[in-house]
Amino acid sequence: MKTSLLLAALAGLFALSGCGSMEMDTTPAGDPNRVVTGTVEVGADPLPADAVVAIRVVDQVHHDYQNPNAVLGEPTATAAVSLPPEVLGELKLTHVQGPSIPFTLKFYCTDDQLAKGLVLEARVSYGGKVRAFNVDSYALNSGNIGEARQIYVNRVR
């Protein structure tokens, strides 16, 4: 008798377990606070004491802005405007030494911006002038955001 009651109770629990409520995930698609890490490779020549290494993440996609007033036919409106890249995050490092300078750059971007692709840039300045910058393009997107980067800068001649 005890086993049949126990089996009946277990069967009832299993039967009612399918009647639970369905939960839906209402959280945003992703955290817009991002981090990219890596090193800026400046070469073997020592940097002077006033050297500043600047690393930034830029969104170049928005630069082809279409003026909505031009679409409406307003005669004084310019149809397309070329805007500068939008800087999403920037880090400036001072008192840097060595051929390889580590960085951790925090920035803010939406999943949509990351899916379209962002660009990582670096430059080295001292004596009031830019002395080195990256020539190669370093793309950031949702597939490679977690990878550490090596950014090679080329000296200005």
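Residues numbered from 1 in each chain as written. Predicted model: local features only at pLDDT ≥ 70, side-chain atom pairs only at ≥ 80, totals over all residues. Heavy atoms only, no water.

Caption draft 1: Seen up close, unusual backbone geometry. The phi torsion at His 95 lies on the positive side, around 55 degrees, for a residue other than glycine. Along the polypeptide, His 95 turns up in the loop between strand E5 (86-94) and strand E6 (100-108). (Helix = DSSP H or I, 4+ residues; strand = E, 2+ residues; numbered from the N terminus.)

Caption draft 2: Just the sheet that holds strand E1 (residues 33-41), in detail. Pairing is mixed in the open sheet, where three strands are placed in the order E6-E1-E10. Each of the sheet's edge strands pairs with one partner strand only, and the pair in question is E6 and strand E10 (149-152). Averaged over all adjacent pairs, the angle separating strand axes in this sheet is 35 degrees, with direction ignored. Alignment of E1 against E6, held across nine bridges, turns out to be antiparallel. Note that in E6 the partner of Asn 33 across the bridge is Tyr 108. (Pairing = 2+ DSSP bridges. Axes fitted to C-alpha atoms, helices over the stretch in contact; angles between N-to-C directions.)

Caption draft 3: Structural detail: the side chain of Glu 41. Of note, Glu 41 is situated in strand E1. The buried charged residue Glu 41 lacks any salt bridge partner; its closest oppositely charged side chain belongs to Arg 155, at an N-O distance of 11 Å. Among the polar contacts made by the side chain of Glu 41, one reaches the side chain of Gln 150 at a distance of 3.5 Å. With sequence-adjacent residues up to four places away left out, Glu 41 is seen in contact with Pro 99, Ser 100, Gln 150, Ile 151, Tyr 152 and Val 153. (Buried < 20%, exposed > 50% of the residue type's maximum accessible area, 1.4 Å probe, protein only. Lys, Arg positive; Asp, Glu negative; His and termini not counted. Salt bridge = Lys/Arg side-chain N within 4 Å of Asp/Glu carboxyl O. Polar contact = N/O pair within 3.5 Å; in protein donor to acceptor, adjacent residues only side chain to side chain. Contact = heavy atoms within 4.5 Å.)

Caption draft 4: Focus on the environment of Asp 112. Mapping Asp 112 onto the fold places it in helix H3 (residues 111-116). We classify Asp 112 as partly exposed; its relative accessible area is 47%. The sequence separation of Asp 112 and Ser 142 amounts to 30 residues, and the corresponding C-alpha distance is 9.3 Å.

Caption draft 5: Highlighting the nonpolar core. In terms of nonpolar packing, the biggest core is built from 28 residues, with Ile 55, Val 57, Phe 103, Phe 107 and Leu 120 touching the most fellow members. Those elements giving two or more residues to this core turn out to be E1, strand E2 (52-59), E5, E6, strand E7 (118-126) and strand E9 (138-140). The contact partners of Val 57, leaving out residues within four places of it in the chain, are Val 36, Glu 86, Val 87, Leu 88, Gly 89, Leu 105, Phe 107, Leu 118, Val 119, Leu 120 and Leu 140. (Core = buried A, V, L, I, M, F, W, Y, C linked by side-chain atoms within 4.5 Å.)

Caption draft 6: Seen up close, the side chain of Asp 59. Of note, Asp 59 is situated in strand E2. At 3.2 Å, the side chain of Asp 59 and the side chain of Gln 113 are in polar contact. When sequence neighbours within four positions are dropped, the list of residues in contact with Asp 59 reads Pro 85, Glu 86, Leu 88, Gln 113, Gly 117 and Leu 118.

Caption draft 7: Examining the pattern of salt bridges more closely. All told, the structure shown has four salt bridges when counted by the stated rule. Between Arg 34 and Asp 111 there is a salt bridge, with the nearest N and O atoms lying 2.5 Å from each other. Residue Arg 34 is located in strand E1, and its partner Asp 111 is located in helix H3; the two are separated by 77 residues in the primary sequence. When its relative accessible area of 12% is taken as the criterion, Arg 34 is described as buried. Two residues, Lys 116 and Asp 112, come together in a salt bridge whose shortest N-O distance is 3.6 Å. Taken together, the residues span about one helical turn, with Lys 116 and Asp 112 both in helix H3 at a distance of four residues.

Caption draft 8: Quick look at the pairing of E7. Counting buried residues in E7 gives seven out of nine residues, a clear majority hidden from the surface. Pairing of E2 with E7 involves seven bridges; the strand directions are antiparallel. Bridging from a neighbouring strand, Ala 54 pairs with Arg 123 of E7. Taken together, the three bridges between E7 and E9 define a ladder with antiparallel strand orientation. Residue pairing for E9: Leu 118 is matched across the bridge by Leu 140. Inspection of the sheet shows E7 paired to strand E8 (residues 129-133) by four bridges, in the antiparallel sense. Bridge pairing in E8 links Ser 125 to Val 130. Linking E7 back to E8 in an antiparallel pair, the connection comprises two residues, with Gly 127 at a positive phi of about 65 degrees.

Geometry only, nothing functional implied.
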